[in-house]
Amino acid sequence: ATCYRLGKELSGVEYQQQCFCGNSVAARAEARPMDECQKMACPGNATQSCGDANRILVYNTTCTGERTPLFHGCQAPEARGLPYCDTSRFQEERVEDLVGRMTLEEKVQVIAPQKDLGGTCACHTRGVPRLGLPNWSWLTETNTAVAAACVGPEKCATTFSGPLGMGASFNRSSWRLKGSVLGTETRAFSNLGWHRGNPGDFVTLTGYGPNINILRDPRFGRASELPGEDPLHSGLYAYEMVSGMQERDAAGYPKMLAFLKHFTGYSVETNRGHDNYDVSPHDMWDTYLRQYALAFEAQPMGVMCSYNALNGAPSCANDFILNKVMRGMWKKDALVTTDCGAVSNLRGPPVNAPSDAAAAAMTINNGTDIEMGSTLFNSSLMAAVEQGLTTEAAVSQAVKRALRTHFEGGRFDPENATSWSKIGLEAVNSSLHQQIQYEAALQSFVLLKNGADEGGRVALPITPGQKVAVLGPQGMTTSGLLSDYAGDQQCYGGTTDCWPTIAEAISAANIPGSTTMAKGVNVADQDASGIPAALALAEQAEVVVLVMGNDRTQEHEGIDRKDTALPGLQESFVKQVLAKGKPTVLVLTNGGALAIDNLVSRPEDASYALVEAFNPSVAGPRALAATLLGMENRWGRLPYTMYPHSYVQEQAMTNFDMAKAPGRTYRYYTGTPLFEFGAGLSYTRFSLSCARKGQGYQRFRVECHAQNTGAVDGDLVVLAFHAADGIGKVDHPVPLRALRNFTRVSLQAGEASNSVGFDFTSDDLALINAEGKATLYPGTHHISLRAGGSVQEMSTTFAIQVPETVVV
């Protein structure tokens, strides 16, 4: 049926559940007798036959009658007469009817992964055939792309720049558009009955992402999955993404069902699943919950709970964060899914559940609804009910929350009730989606330094037509430019060769010049054999672009970095290139921040630029080349602190106290960073003049007029910070400054903006006190606005007087 929907005349089935669609058979193919294939049973269904690794059964594709959407409910004869399929009834009445007809065993199978249906981490749950309820496949990752296999050439999921690059844009519109693209493509793959990289894992409407854990420590292995280190910034990123993902049609149906990751405090890979961290009420509400509170204003369907424990309670069995906070304050029916294997982890530290039944009960009783990865619900949840460790009512509540999201998405209504059912293959990687992807990539880079030589000539932009040498391991790779969880496939066939490397993209843009390229060194080993040839290219070049950094061999799920320096021989190689005295641009591609203490400046009299490119992904190389060669000027701002190398010795990875010396993130770090949160320059110059409107502290506005006073068009990012630096002594940590708002505006050369304004209330002046309550303290507060130009940062500060203490 999928091949038919794709307009393909032929469909093929090969051993190991591989399916193919096409319009013709290759000329080199040899026809064999049917009985050769009919002797070979399919792994998933022994009553059916498949070819083996060298044979494929080919069928003419013809479909008649009405199409039955994959996993769609109320289609089977057993269901059509039941009240839960009656669309004239209230949704809650339908949910109650469906769940009320289930036995306890059936309820458990609806919220527990079934091994016989597929991988348990993908979480294939069983339906109830006697009620006409189909199975469901829960896990589709949606952090950077929809995790799906390519349908065909040029029909792969749109993969965005890594989340850190997206965060660097400080562009709410771009974040919402990204969410909209993911929602559209999720619905398209679901409508097609399509699958992930593993053909048995189908794409449905439930998508997990964005991941908005705070980038608390640069060594965190999953840093590349996150938008940054600031809670407000990350929360607004998620708010916009979820709003786009769950855009409603005229009938009120969301495009997809979005879930946030990983709730909460998850930022250590070592010993994950058995790690426990003491977190004060101040830090809990100031750092680890705030971004989720903001995100829930967009009403995501729920969360994936994290592996770690907070104050002794594992996140997936944590009544405080799941029930009291999330459901009690943000969304009463939010659905909670475990991370893979989190239920079985409870058998070990820190809680050491005495039995599988106790572990299953602990999660259900404390707020988790769906198990992923482990299978303790299947094996032991019924026993837990029988032993009195939990109740059937608790199980029923979890099932209701799970199915309620499906009712909201339209699973149990006629397919044509939602206009989203018409989204098809044409939407996948469409020209519109590619343009959104490219625009996002253009705004994902940060110009950290653009130093001039003695003659005043800066390193960037590079004038096209010169002799350019692109050197370094990250300039020669495509796969090394991807963030963790970048999707299942970016190119048809599962390769990463359908987009250019950074070196290739620069070569294509450097017309009519010449571009040479060499790796020089590898990312992490001690192989110096390529250095002489690379240095020879540097000697011959007029400009050198060095592309260095980390890839997923150094930081990824399961592995934290032990060091933040450039690995292997990279730093030594950079110094040798700089010694050639050529104008040089150092581009960094990485997730977690790199400590480049010895590379921030150069002793040679030559221009030198530093660019942070994060994980530029598929569209990034072209966008970066256009930016380096001056065709674009859309720079972003740094979404995290770049610490000196000494930081890894000064701060324990497992310390979750944000203010403990020397402090974490720009809000509490008291040292001198290499580059601070919000740093970033441009090719053009801007002026910014601001005035405060209104004299009270409860509600006021700061209105600015920005002008591009330079010779080229450019984007200006303005960040608004609060500092409570005149309130006297209090009994809890006080941020040095904290982001309160931001905006981005594009200005042509010489153009002035009508207005860049920020509205503030007393809430923006509040701090989180020792008990975790937002509190407004008397004294002097400051609101500062910061923006970057070609030379240095501009800043304007206003003093605000607060007369009395108020608990907000």
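These numbers come from a predicted model, not from an experiment.

J.: What am I meant to see in the overall build of the protein chain here?
T.: Across its full length, the protein chain holds 22 helices and 29 strands. Radius of gyration (C-alpha) of the protein chain: 28 Å, near the 28 Å computed for a compact globule of 808 residues. Projected onto its principal axes, the C-alpha coordinates of the protein chain cover approximately 80 × 75 × 50 Å. With 808 residues in all, the protein chain has 61% of them scored as buried. Restricting the contact set of the protein chain to residue pairs at least 6 apart, pairs at least 24 apart contribute 76%.

J.: Explain the state of the cysteines here, please?
T.: Covalent bonding between the sulfur atoms of two cysteines defines a disulfide. Applying the stated criterion across every chain yields a total of six disulfides. The disulfide bridge from C491 ends at C498, spanning 2.0 Å between sulfur atoms. Negative torsions about the S-S bond denote left-handed disulfides, and the value of about -80 degrees found for C491 with C498 makes this one left-handed. For C491, a relative accessible area of 2% translates into the label buried. C498 gets classed as partly exposed once you look at its relative accessible area, which sits at 49%. Left unpaired, C123 is separated from the closest cysteine sulfur, that of C121, by 9.1 Å.

J.: Before we go on, may I ask you to explain the pairing of strand β7 (residues 206–211) in this structure?
T.: Each regular strand carries side chains that alternate between the two faces of the sheet. The element β7 is largely enclosed, with a buried count of six among its six residues. As paired elements, strand β6 (residues 140–141) and β7 share two bridges and run parallel to each other. Note on β7: the bridge partner recorded for E141 is Y208. Across four bridges, the pairing between β7 and strand β8 (residues 257–263) is parallel. Along β8, the bridge assignment pairs N211 with K261.

J.: Honestly, the pairing of strand β10 (residues 302–305) in this entry has me stumped. Any pointers?
T.: Relative to β10, β8 is paired through three bridges, and the arrangement is parallel. Its bridge partner lying in β10, L260 is registered against V303. The pairing of β10 with strand β13 (residues 335–337) spans three bridges and is classified as parallel. Residue pairing across strands places M304 opposite T337, the latter belonging to β13.

J.: Is there a simple way to explain the packing of aromatic side chains in this structure?
T.: For any pair of aromatic rings, the description consists of the separation of the ring centres together with the inter-plane angle of the planes. Here the structure, examined in full by the defined rule, presents 27 aromatic pairs. Aromatic pair F758 and F760: ring centres 6.4 Å apart, planes at 45 degrees, arrangement tilted. Of the two residues, F758 and F760, both sit in the buried class. Aromatic rings pair up to connect F170, W175, Y237, Y666, F677, F721 and F742 into one cluster. Against the face of F742 rests R172, its NZ or CZ located 4.3 Å from the ring centre. The ring of W420 has K255 lying over it, and the distance from NZ or CZ to the ring centre is 5.3 Å.

J.: Help me out: how do you make sense of the packing of helix α7 (residues 172–192) against helix α16 (residues 431–442) in this one?
T.: Each pair of packed helices can be described by the angle between their axes along with the distance between the axes. Where α7 meets α16, the closest approach of the two axes is 10 Å, and the angle between their N-to-C directions is 145 degrees. When you trace α7 past α16, the crossing you get is left-handed. On α16, the residues that touch S174, L177, V181, T184 and E185 of α7 are H433, I436 and A440. Looking at side-chain class alone, the contact of α7 with α16 contains four nonpolar, three polar and one charged residues.

J.: So what exactly am I meant to see when it comes to the sheet that holds β6 here?
T.: Strand pairing in a sheet relies on backbone hydrogen bonds. The paired strands run either parallel or antiparallel. The strand order β6-β7-β8-β10-β13 describes an open sheet built from five strands, whose pairing is parallel. On the outer flanks of this sheet lie β6 and β13, each paired with one strand and no other. Relative to the sheet, helix α15 (residues 392–409) contacts β7, β8 and β13, its axis offset from that of β13 by approximately 110 degrees.

J.: Looking at this structure, I do not really get a nonpolar patch on the surface. What am I missing?
T.: Judged by side-chain polarity, F20, V25, I56 and V58 come together as a nonpolar surface patch covering roughly 320 Å² of accessible area. Tracing the sequence through the fold places I56 in strand β3 (residues 56–60).

J.: Looking at this structure, I do not really get helix α4 (residues 91–100). What am I missing?
T.: Given 3.6 residues to a turn, an α-helix orients residues that are three or four positions apart in the same direction. Residues of α4 that are buried: R94, V95, D97, L98 and V99. Packed against the buried residues of α4 are α5 (104–110) and α15.

J.: I tried to follow the sheet that holds strand β25 (residues 767–768) on my own but got confused; where do I start?
T.: One open sheet holds the three strands; their spatial order is β25-β26-β29, and the pairing between them is antiparallel. At either margin of the open sheet sits one strand with a lone partner, and together these are β25 and β29 (806–807). Two elements, strand β26 (residues 774–776) and β29, share two bridges in a ladder whose sense is antiparallel. By the bridge assignment for β29, T775 is matched with V807.

J.: Before we go on, may I ask you to explain the environment of G493 in this structure?
T.: Here G493 shows up in the loop between β15 (467–471) and α17 (502–509). Each C-alpha atom of the pair G493 and G152 lies 8.4 Å from the other, and the pair is 341 residues apart in sequence.

J.: Just to check I follow, could you spell out the side chain of K107 for this structure?
T.: With respect to the helices and strands, K107 occurs in helix α5. Overall, the relative accessible area of 7% leaves K107 in the buried class. Among residues more than four places away in sequence, those in contact with K107 are V99, M102, E392, V395, S396 and V399.

J.: Sorry, what's going on with the packing of α17 against helix α20 (residues 620–628) here?
T.: Between α17 and α20, the least distance of the axes is 8 Å, while the angle of their chain directions is 50 degrees. On the basis of their axis angle, the class for α17 and α20 is oblique. The crossing of α17 and α20 is right-handed. Seen from α17, the contacting residues are I502, A505, I506 and A509; seen from α20, they are P621, R622, L624, A625 and L628. Taken together, the residues that form the contact of α17 with α20 break down as eight nonpolar, no polar and one charged.

J.: Explanation requested: the side chain of S374 in the structure shown.
T.: The topology assignment puts S374 in the loop between α13 (356–365) and α14 (376–386). Since its relative accessible area comes to 8%, S374 is described here as buried. One polar contact links S374 to E371, side chain to side chain, over a distance of 2.5 Å. Once you skip the residues sitting within four places of it in the chain, S374 turns out to touch P113, G341, A342, V343 and S344.

J.: What is the right way to read the pattern of salt bridges from this model?
T.: Pairing is possible between side chains that carry opposite charge, provided their charged atoms lie close to one another. Taken as a whole and assessed by the stated rule, the structure comprises 37 salt bridges. The salt bridge involving E557 is made with R222; its shortest N-O contact spans 3.2 Å. Taken together, the residues span a long stretch of sequence, with E557 in the loop between β17 (543–549) and α19 (570–578) and R222 in the loop between β7 and α8 (231–245) at a distance of 335 residues. Residue E557 is classed as partly exposed on the basis of its relative accessible area of 23%. One salt bridge connects E439 with R634, and the closest N-O pair in it is separated by 3.1 Å. Here the residue E439 occupies a position in helix α16, and R634 occupies one in the loop between α20 and α21 (647–650), the gap between them amounting to 195 residues. The class for E439 is partly exposed, based on a relative accessible area of 26%. Residue class for R634 comes out buried when judged on its relative accessible area of 16%. Sharing partners across several salt bridges, the network here consists of R222, E225, E269, R272 and E557.

About the cut-offs
Residues numbered from 1 in each chain as written. Predicted model: local features only at pLDDT ≥ 70, side-chain atom pairs only at ≥ 80, totals over all residues. Heavy atoms only, no water. Helix = DSSP H or I, 4+ residues; strand = E, 2+ residues; numbered from the N terminus. Rg over C-alpha atoms; globule rule 2.2 N^0.38 Å. Buried < 20%, exposed > 50% of the residue type's maximum accessible area, 1.4 Å probe, protein only. Contact = heavy atoms within 4.5 Å. Disulfide = S-S within 2.5 Å. Pairing = 2+ DSSP bridges. Phe/Tyr/Trp six-rings, centres within 6.5 Å; stacked < 30°, edge-to-face > 60°. Lys NZ or Arg CZ within 6 Å of the ring centre and 35° of its normal. Axes fitted to C-alpha atoms, helices over the stretch in contact; angles between N-to-C directions. Left-handed = near helix turned anticlockwise from the far one by under 90°. Nonpolar A, V, L, I, M, F, W, Y, C, P; charged D, E, K, R; others polar. Patch = residues over 30% accessible without salt bridge, like charges linked within 9 Å, V, L, I, M, F, W, Y side chains within 5 Å. Areas by Shrake-Rupley, 256 points an atom, 1.4 Å probe, with all protein chains shown as cover. Salt bridge = Lys/Arg side-chain N within 4 Å of Asp/Glu carboxyl O. Parallel < 35°, antiparallel > 145°, perpendicular 65-115°, else oblique. Polar contact = N/O pair within 3.5 Å; in protein donor to acceptor, adjacent residues only side chain to side chain.

Shape is all these values report; function is a separate question.
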